[in-house]
Amino acid sequence: MKRSAPQNHIPEDGAAWAAFLLRSILDGWLSAAPDPTGLFHPFLDRGWNRVEGGPLTLVSQCRLIYNFSRGYEVFGEGSFAVAAHRGIEALQTYFRLGPGLYRWAVTGAGEEASAALDSYGHAFVILALATAARAFGNTVLAYQALETWQATSRTFTDGYGGLVWKAGDTAGATRSQNPMMHMFEALMALHSVDITGEAREAAQTLLTFMHSLADFGSGMLVETHTADWQPQAAERGGVIDLA
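Residues numbered from 1 in each chain as written. Predicted model: local features only at pLDDT ≥ 70, side-chain atom pairs only at ≥ 80, totals over all residues. Heavy atoms only, no water.

### Brief notes about the overall build of the protein chain
Then, number 1: Counting secondary structure elements, the protein chain contains 7 helices and 7 strands.
Then, number 2: Listing the helices and strands of the protein chain from first to last along the sequence gives α-β-α-α-β-β-β-β-α-α-β-α-α-β.
Then, number 3: For 243 residues, the compact-globule formula gives about 18 Å, and the C-alpha radius of gyration of the protein chain, at 19 Å, lands near that figure.
Then, number 4: Dimensions of the protein chain, computed from C-alpha atoms along their principal axes, come out at roughly 50 × 40 × 40 Å.
Then, number 5: For the protein chain, the exposed surface amounts to about 12,200 Å²; the carbon and sulfur share of it is 55%.
Then, number 6: One finds the centroid of the 16 positive side-chain charges in the protein chain at a distance of 5 Å from the centroid of its 24 negative side-chain charges. (Helix = DSSP H or I, 4+ residues; strand = E, 2+ residues; numbered from the N terminus. Rg over C-alpha atoms; globule rule 2.2 N^0.38 Å. Areas by Shrake-Rupley, 256 points an atom, 1.4 Å probe, with all protein chains shown as cover. Lys, Arg positive; Asp, Glu negative; His and termini not counted. Charge placed at Lys NZ, Arg CZ, Asp CG, Glu CD.)

Structure, rendered in structure tokens:
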């Protein structure tokens, strides 16, 4: 079935325009992405019509849980809450491997597409669950977010105090800023609902580690590092990625 992008009168006032833009984007995702299973289909064209794509990942599922939770916080409408809760249920049903650990990807039918353990993906799990916990006043979700951080810390922290991207990375594998910057963001979101103080302490530890990197003082954060967290040469991928 063809879908059309939401069409509404565009307000001229800046704040109203921002709210209009946010609402129109959220309404587009709400109309197109959710499946009855609670899984979110992230592959859409410019008219909000589904197109063929790859597997559904932790990132695609959790970004939309986050978006719909924030949509409920901002607009207070139950449709966003329903979508977020169904998305969380699907996350736990199809992605969860065990306490705090989640597979990287599933098919549209919910079958395993990749069992890889990915720290970048786990950062989005924490962000989504923590944001939903705040939006809905749900302490169980806050606990699940903290449990995910605890499992992530055990699984992905290397001997230097940084995070490897994928569990089982060898000593010679490169390291990346990307999972750490998103994990810091996730821990700050978790801090807002964490009564134990563990999330704040973990965020501080991670920030201290990032400050210790040789490239941090220059303000030019190189994306890729060697296994011992030295900035990678540009010809080997050690560039400054604005994304």
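Still more ground to cover, so stick around.
### Quick word on the sheet that holds strand 4 (residues 105-106)
Then, number 1: As summarised here, the arrangement of the 3 strands in space is 1-4-5, forming an open sheet in which the pairing is antiparallel. Looking along the sheet, the strands with just one partner apiece sit at the ends: strand 1 (56-57) and strand 5 (112-114).
Then, number 2: As paired elements, strand 4 and strand 5 share 2 bridges and run antiparallel to each other. Within strand 5, the position partnered with Val106 by the bridge is Glu112. (Pairing = 2+ DSSP bridges.)

### Some points on the packing of aromatic side chains
Then, number 1: Under the defined criterion, the tally for this structure stands at 8 aromatic pairs.
Then, number 2: An angle of 70° between the planes, with centres 5.5 Å apart, marks the rings of Phe40 and Phe68 as edge-to-face. In this pair, Phe40 is assigned in the loop between helix 1 (14-32) and strand 1 and Phe68 in helix 2 (residues 58-75), connecting sequence segments 28 residues apart. Exposure class is identical for Phe40 and Phe68. Each is buried.
Then, number 3: One aromatic cluster is present, formed by Phe40, Phe68, Phe75 and Phe80 through successive ring pairs. (Phe/Tyr/Trp six-rings, centres within 6.5 Å; stacked < 30°, edge-to-face > 60°. Buried < 20%, exposed > 50% of the residue type's maximum accessible area, 1.4 Å probe, protein only.)

### Brief notes about the side chain of Ser60
Then, number 1: For Ser60, the location among the structural elements is in helix 2.
Then, number 2: Residue Ser60 is classed as buried on the basis of its relative accessible area, which comes to 12%.
Then, number 3: Separated by 3.0 Å, the side chain of Ser60 and the backbone oxygen of Thr57 make a polar contact. (Polar contact = N/O pair within 3.5 Å; in protein donor to acceptor, adjacent residues only side chain to side chain.)

### Focus on the environment of Met180
Then, number 1: With respect to the helices and strands, the residue Met180 is situated in helix 6 (residues 177-191).
Then, number 2: Residues Met180 and Glu73, spaced 107 residues apart in sequence, show a C-alpha to C-alpha distance of 27 Å.

### Quick notes on the nonpolar core
Then, number 1: Among the nonpolar cores identified, the biggest contains 57 residues, and Leu91 and Leu190 are the most heavily contacted of them.
Then, number 2: Contributing elements (two or more residues each) for this core: helix 2, helix 3 (78-95), helix 4 (119-136), helix 5 (139-156), helix 6 and helix 7 (198-212).
Then, number 3: Per-element accounting of this core gives the leading share, 13 residues, to helix 4.
Then, number 4: Sequence-distant contacts of Leu91, defined by excluding residues within four places in its chain, comprise Leu58, Gln61, Cys62, Ile65, Arg96, Tyr102, Val125 and Leu129. (Core = buried A, V, L, I, M, F, W, Y, C linked by side-chain atoms within 4.5 Å. Contact = heavy atoms within 4.5 Å.)

It is worth stressing that arrangement in space is one thing and function is another; only the former is reported here.
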